[in-house]
Amino acid sequence: MIASARTILRKDLLIELRTKESVPAMVLFSITVCVLFHFGRDRDSLDGALAAGVLWVTLLLAAVIGVSRLFAAEREQGGIDGLLLAPVDRTSLFVAKAAALFVFLTLVELVAVPAFGLLLLGPGLGSAFPELLAVLALGNLGVAAVGALVAALAAETRAHELIVPLLLLPLLVPVLIACAQATEPLFRQEAVAEDLGRWLGLLSLYDVVFVLLSVAVFDFLLED
Amino acid sequence: MAAIELERLERRYGERVALGGVSVRVEEGQTLAVLGGNGAGKTTLLRVLAGLLRPHGGSARVLGAALPDERWKLPAQVGYLGHEPLLYRELSGLENLRYHADLHGVAHSRLAPLLAELSIEDRADEPVRDLSRGLVQRFAIARAVLHDPPLLLLDEPRANLDPAAAELAEPLIGRSSGRTRVLVSHDMRGALDESDVALGLKNGRPVPVDEDLYR
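### Brief notes about the overall build of chain A
Move 1: In terms of regular secondary structure, chain A is built from 10 helices and 0 strands.
Move 2: Order of helices (α) and strands (β) in chain A, N terminus to C terminus: α-α-α-α-α-α-α-α-α-α.
Move 3: Taken against the 2.2 N^0.38 rule, which gives 17 Å for 224 residues, the C-alpha radius of gyration of chain A at 18 Å falls within 12% of a compact globule.
Move 4: Along the three orthogonal principal directions, the C-alpha set of chain A runs to about 55 × 35 × 30 Å.
Move 5: Scored against the burial criterion, the 224 residues of chain A give a buried share of 49%.
Move 6: Within chain A, contacts between residues at least 6 apart in sequence are counted, and of these 87% link residues at least 24 apart.

Pasting the structure below:
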């Protein structure tokens with residue numbers, strides 16, 4: 001299963017590298033939102049809960065773009081048939097797609113988070129950076145698991161670009177709450193890692209539940 | 001043992017019956033020609049035999065696997081060549097074949113002779129999107145047979161191939177391959193010449209194979 005997941009992931013990353021369809025669009029969207037907030041707000045800079053909320057809503061909306069395109073090559077070029085005709089565990093497709101989305105989100109954050117710090121954040125990122133990395137990693141894992149599931153569900157429907165945000169965003173509300181709550185103390189003027197353990201624990205629990213749930217139901221999503 | 005045994009096979013799309021009452025038996029090494037006009041149910045039949053579509057009625061047994069319950073047994077044994085080449089346009093032909101070889105657990109060393117056999121080794125590094133339809137079809141043939149399947153499901157396999165290319169493909173997908181084949185074609189005469197069993201379809205129902213088939 002791991003070997004075939006690695007094969008599918010390598011193919012997905014190679015296609016993204018050649019087409020540059022998902023990651024650049026996600027990055028551009030994130031930076032555009034930061035710029036819009038930068039010019040649209042009536043405050044000099046953001047901090048605390050407002051800053052955390054703006055960052056996470058921006059990242060989750062950018063994730064919608066990635067999830068919408070996650071099965072594009074499979075949908076448009078018959079890749080799902082190719083996979084179903086190969087003697088591979090279908091779970092490997094879920095693992096590969098979730099891993100690809102995780103990589104895409106990480107690449108987006110490499111640009112979007114510094115841009116957010118530069119354009120919007122008052123306190124600066126420096127002192128709370130290690131804690132922020134942990135929140136980003138767990139948040140990405142949750143988004144990747146749910147995103148791969150929703151992308152597979154929407155892949156064979158005609159209105160997949162409508163279905164993805166309608167299904168994805170409500171399912172990501174717990175991730176948004178936990179990530180924003182965990183990030184809020186880190187974005188205060190005096191950054192502290194208050195209640196970080198509790199929120200990271202909740203995020204980890206969410207991640208485990210959705211990874212297990214996705215593995216359990218993914219096979220059925222690929223049935224005709 | 002029969003390679004394919006269908007008994008009153010049925011498949012619907014919603015309320016519409018795409019296949020109904022299809023019964024046929026194909027022995028190992030034989031070729032079944034499936035003939036019929038557009039929308040007759042030929043591609044649906046191939047997809048059911050490949051395990052890509054679930055039958056809704058009757059019984060279907062392919063290489064000993066009862067469908068749909070045992071369709072997990074099929075992928076390693078079936079080579080499917082449909083309307084879509086199942087190749088990624090942004091990858092080269094060779095990258096596509098390596099990808100499918102990895103999924104099937106086939107050694108990459110098998111690919112070079114296959115490319116040479118189809119005379120596409122010089123074009124193997126070009127992206128599929130830049131290749132002509134005929135060349136794409138040759139790579140699709142290589143994909144379909146790279147795991148050396150005993151059963152080939154072929155939907156217009158010589159579409160877009162020039163006579164020389166069709167000749168190159170013959171040992172891989174033709175009668176001389178020795179494999180059991182299901183061959184969908186609009187060329188009635190050609191298909192009948194290279195088949196042992198023939199199935200005519202009209203509106204998803206079996207009909208006699210004669211001149212009225214396309215009327």
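Resuming the write-up.
### Here's the deal with the environment of A:Leu61
Residue and element names in this part refer to chain A.
Move 1: Positionally, Leu61 belongs in helix 3 (residues 48–69).
Move 2: On the basis of neighbour counts, which here come to 15 C-beta atoms within 10 Å, the residue Leu61 falls in the partly exposed class.
Move 3: The sequence separation of Leu61 and Val33 amounts to 28 residues, and the corresponding C-alpha distance is 9.8 Å.

### Concerning the pairing of strand 8 (residues 180–185) of chain B
Residues and elements named next belong to chain B.
Move 1: Counting buried positions over the 6 residues of strand 8 gives 6, a clear majority of the element.
Move 2: The two faces of strand 8 match: Thr180, Val182 and Val184 on one face and Arg181, Leu183 and Ser185 on the other face are all buried.
Move 3: Judged from the 5 bridges that link them, strand 3 (residues 31–36) and strand 8 form a sheet pairing that is parallel. Considered in strand 8, the bridge of Leu32 is made with Val182.
Move 4: Handedness of the crossover is the feature at issue here: the chain leaves strand 7 (residues 151–155), passes through helix 5 (residues 163–173), returns alongside strand 8, and the resulting connection is right-handed.

### A word on the sheet that holds strand 8 of chain B
Residue and element names in this part refer to chain B.
Move 1: Strand order in the open sheet formed by 6 strands is 6-7-8-3-9-10, and the pairing between neighbours is mixed. The open sheet has two free edges, formed respectively by strand 6 (78–81) and strand 10 (205–207), since each of these has just one partner strand. Pairs of neighbouring strands in the sheet enclose a mean axial angle of 20°, with direction left out of account.
Move 2: For strand 9 (residues 197–202) and strand 10, the ladder comprises 3 bridges, and the chain directions are antiparallel.

### Side note on helix 9 (residues 173–183) of chain A
Move 1: Within helix 9 of chain A, burial applies to A:Val175, A:Ala178, A:Cys179, A:Ala180, A:Gln181, A:Ala182 and A:Thr183.
Move 2: In the core, the buried residues of helix 9 of chain A are packed alongside helix 3, helix 7 (129–155) and helix 10 (196–221) of chain A.

### Describing the confidence of the model for chain B
Move 1: On average, residues of chain B score 93 in pLDDT, and 100% of them reach the 70 mark or higher.
Move 2: The ipTM assigned to the predicted complex is 0.89, against a pTM of 0.91.

### What to know about unusual backbone geometry
Residues and elements named next belong to chain B.
Move 1: Here the residue pair Leu67 and Pro68 is connected by a cis peptide bond, since its omega of 5° sits within 30 degrees of zero.
Move 2: You can see Pro68 is positioned in the loop between strand 5 (65–67) and strand 6.
Move 3: Located in the positive-phi region is Arg8, a residue other than glycine, with phi close to 45°.

### A few points about the nonpolar core
Move 1: Judged by nonpolar contacts, the single largest core of 145 residues is most densely connected at A:Ala148, A:Ala151, B:Val34, B:Ile141 and B:Leu153.
Move 2: Sorting elements by how many residues they give to this core places helix 7 of chain A first, with 16 residues.

Cut-offs applied
Position labels on residues start from 1 in each chain and follow its written sequence. Chain A is the first chain written and ligand 1 is the first ligand written, with later ones labelled in order. In keeping with the model being predicted, local features are shown solely for residues with a pLDDT of at least 70 and side-chain atom pairs are shown and tallied solely at 80 or more, while totals for entire chains, interfaces and linings include all residues. We count a stretch as a helix when DSSP gives it H or I for four or more residues in a row; a strand needs E for two or more, and each element gets its number in order from the N terminus. As defined in this context, the radius of gyration uses C-alpha atoms, and a globule is described by 2.2 Å times the residue total to the power 0.38. Buried, partly exposed and exposed are defined by the number of other C-beta atoms within 10 Å of a residue's own C-beta, namely 20 or more, between the two limits, and 12 or fewer respectively, with C-beta atoms placed from the backbone. Each residue is represented by a C-beta atom placed from its backbone, and any two residues with such atoms within 7 Å are regarded as in contact. Strand pairing requires that DSSP identify at least two bridges connecting the strands. Consider the strands pointing away from the viewer: the crossover is right-handed when the path from the first strand over the helix to the second runs clockwise. Here an axis means a line fitted to C-alpha atoms, over the contact stretch when the element is a helix, while the angle between two N-to-C directions is reported on a 0 to 180 degree scale. The predictor's confidence in any single residue is recorded as pLDDT, a number from 0 to 100. Buried Ala, Val, Leu, Ile, Met, Phe, Trp, Tyr and Cys residues form a nonpolar core when they are connected through C-beta atoms within 7 Å.

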